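Structural characterization, general
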Amino acid sequence: MRHVNGTGLLIAVLVATIGALAFPVWSYADRSSTPQANLNSSSTPTPWGPLSATDREFVTKVRLAGLWEGPAGQQAQQRAPSAAIKAAGDHLVMGHAALDQHDRDVAAKLGIELPNQPNAQQQGWLRQLTADTGTAYERDFANLLRAAHGKVFALVAQVRATTRNSLVRDLANDANRTVLDHMTMLEATGLVDFDALATPS
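Computed from a prediction, not measured in an experiment: that's the story for all the values here.

1. Examining the environment of Gly95
Structurally, Gly95 is set in helix H4 (residues 83-110). Residue classification places Gly95 among the buried residues on the basis of a relative accessible area of 15%. Here the alpha-carbon distance between Gly95 and His182, two residues 87 residues apart in the chain, equals 8.0 Å. Look past the residues within four positions of Gly95 in its chain and what remains in contact with it is Thr178 and His182.

2. Focus on the layout of surface pockets
Considered as a void within the structure, the second largest pocket measures approximately 260 Å³ in volume. Along its surface, the second largest pocket is lined by 13 residues, and Lys61, Gln122, Ala148, Lys151 and Val152 are the ones closest to its centre. Elements that contribute at least two residues to the lining of the second largest pocket include exactly helix H3 (53-79), helix H5 (120-131) and helix H6 (134-162). Of all the elements, H3 adds the most residues to the lining of the second largest pocket, at five residues. Of the residues contributing to the lining of the second largest pocket, the split by class is seven nonpolar, three polar and three charged.

3. Looking at the packing of aromatic side chains
Summed over the entire model, instances satisfying the criterion amount to two aromatic pairs. The interplanar angle of 50° and the centroid separation of 4.9 Å between the aromatic rings of Trp68 and Trp125 together place this pair among those described as tilted. Of this pair, Trp68 sits in helix H3 while Trp125 sits in helix H5; the two residues are 57 residues apart in sequence, bridging distant segments of the chain. Across the pair, Trp125 and Trp68 agree in class, each one buried. Sitting over the ring of Tyr137, Arg79 keeps its end group 4.1 Å from the ring centre.

What counts, and where the lines are drawn
Residues numbered from 1 in each chain as written. Predicted model: local features only at pLDDT ≥ 70, side-chain atom pairs only at ≥ 80, totals over all residues. Heavy atoms only, no water. Helix = DSSP H or I, 4+ residues; strand = E, 2+ residues; numbered from the N terminus. Buried < 20%, exposed > 50% of the residue type's maximum accessible area, 1.4 Å probe, protein only. Contact = heavy atoms within 4.5 Å. 1 Å grid on protein atoms, 1.4 Å probe; cavity = no way out; pocket = protein on both sides within 12 Å on 5 of 7 lines; lining within 4 Å. Points joined across faces, edges and corners; volume = space filled by probe spheres on them. Nonpolar A, V, L, I, M, F, W, Y, C, P; charged D, E, K, R; others polar. Phe/Tyr/Trp six-rings, centres within 6.5 Å; stacked < 30°, edge-to-face > 60°. Lys NZ or Arg CZ within 6 Å of the ring centre and 35° of its normal.

This is how it looks when you write it as structure tokens:
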């Protein structure tokens, strides 16, 4: 009976191990289930870089935010129950007017269809503010708008960190400045309930 050379056996085992480790890399690299392939399949090529589903959602949500936060700011300007509420309203009106124009320009270039009215929830918030009086109005104004801005702020950060589209990236920069300014002004009213904001809804 012939004896197997120990060195030869060791080499054979190493080759088999390397082959087993390499197989998944080359055998799955081109399959459609890879993260890169999934990202590409959900994105649309544009002259400014790929446009993802999250990018489209962001551009739409910026528009929706302006459609109700602008009117809410105008209402605060007209009611002006306090200097802090009026100041917050002024920032909402000016900020969303400029951001909305930027958003519509980006949407037109990227072929994204935008809504023309607030969604049902946002319309409900506007009705609530319209019906409110006195301190209830001030409290609801500060907290409804601060909570809404906080949710958009999180989306802005996600998009700014991950988008491959230069137009969307520039819009996210603009939205970041605008939303942070509005959050700061709403908090300056002294009426924001931070405990409620910290509790997941």
